[in-house]
Amino acid sequence: QVQVVESGGGLVQPGGSLRLSCVASGTIFRVNDMGWYHQAPGKERKLVASISSGGLTTYDDSVKGRFTISRDNAKNTVYLQMNSLEPEDTAVYYCNADIQREWHPSTRKNYWGQGTQVTVSS
């Protein structure tokens with residue numbers, strides 16, 4: 001069994017900051033890429049940022065220079081530091097983790113967290 005759980009969402013004013021955390025737990029052989037997605041009402045879920053097991057990062061253009069993704073491999077945890085938040089960032093943020101449960105690559109699968117709400121408003 002594998003579980004992915006996000007935390008850290010909340011209400012913040014424009015220009016403020018939040019730090020999201022996501023922890024993967026359970027039977028885990030290796031955690032590969034981890035990423036943050038967001039989904040606003042009526043919109044498709046979109047990739048915000050991702051990070052490989054070696055620390056290679058990608059960002060959506062809308063958050064470059066404002067958000068920073070990082071990870072702690074020893075804790076199977078990924079973080080999203082969100083600075084200079086804008087109302088357009090308001091969405092449910094989901095964590096995704098590419099996890100291999102055992103030595104055999106056939107056990108590799110993507111897992112999603114339950115989501116955490118981020119609301120940017122005055």
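In case you missed it, the structure is sitting above this.
In what follows, the accompanying structure is described.

Some details on the state of the cysteines
Taken as a whole and judged by the stated rule, the model has one disulfide. In this model Cys-22 forms its disulfide with Cys-95; the gap between the sulfur atoms is 2.0 Å. Negative torsions about the S-S bond denote left-handed disulfides, and the value of about -80 degrees found for Cys-22 with Cys-95 makes this one left-handed. With a gap of 73 residues between them, Cys-22 in strand β3 (residues 18-26) and Cys-95 in strand β9 (residues 91-100) connect regions that are remote in the sequence.

Digging into the pattern of salt bridges
Any two side chains of opposite charge can pair, so long as their charged atoms come close to each other. Going through the model one piece at a time under the given rule, you end up with four salt bridges. Its salt-bridge partner being Glu-86, residue Arg-66 comes within 3.8 Å of it at the nearest N-O pair. Residue Arg-66 is located in the loop between β6 (57-59) and β7 (67-72), and its partner Glu-86 is located in the loop between β8 (77-82) and β9; the two are separated by 20 residues in the primary sequence. Since its relative accessible area comes to 33%, Glu-86 is described here as partly exposed. In this structure, Asp-98 and Arg-108 form a salt bridge, with 2.6 Å as the shortest nitrogen-oxygen distance. Residue Asp-98 is found in strand β9, and its partner Arg-108 is found in strand β10 (residues 108-112); the two are separated by 10 residues along the sequence. Given a relative accessible area of 11%, Asp-98 falls into the buried group. Judged by its relative accessible area of 46%, Arg-108 is partly exposed. A network of salt bridges, in which partner residues are shared, links Arg-66, Glu-86 and Asp-89.

Considerations on the sheet that holds β7
Here four strands make up an open sheet; going across it, the order is β1-β3-β8-β7 and the pairing antiparallel. The sheet is open, and its two edges are formed by β1 (2-7) and β7, each paired on a single side. Strand after strand, the sheet turns through a mean of 15 degrees between neighbouring axes, direction not considered. Relative to β3, β1 runs antiparallel, the two sharing six bridges.

Calculation notes
- Residues numbered from 1 in each chain as written.
- Predicted model: local features only at pLDDT ≥ 70, side-chain atom pairs only at ≥ 80, totals over all residues.
- Heavy atoms only, no water.
- Disulfide = S-S within 2.5 Å.
- Helix = DSSP H or I, 4+ residues; strand = E, 2+ residues; numbered from the N terminus.
- Salt bridge = Lys/Arg side-chain N within 4 Å of Asp/Glu carboxyl O.
- Buried < 20%, exposed > 50% of the residue type's maximum accessible area, 1.4 Å probe, protein only.
- Pairing = 2+ DSSP bridges.
- Axes fitted to C-alpha atoms, helices over the stretch in contact; angles between N-to-C directions.

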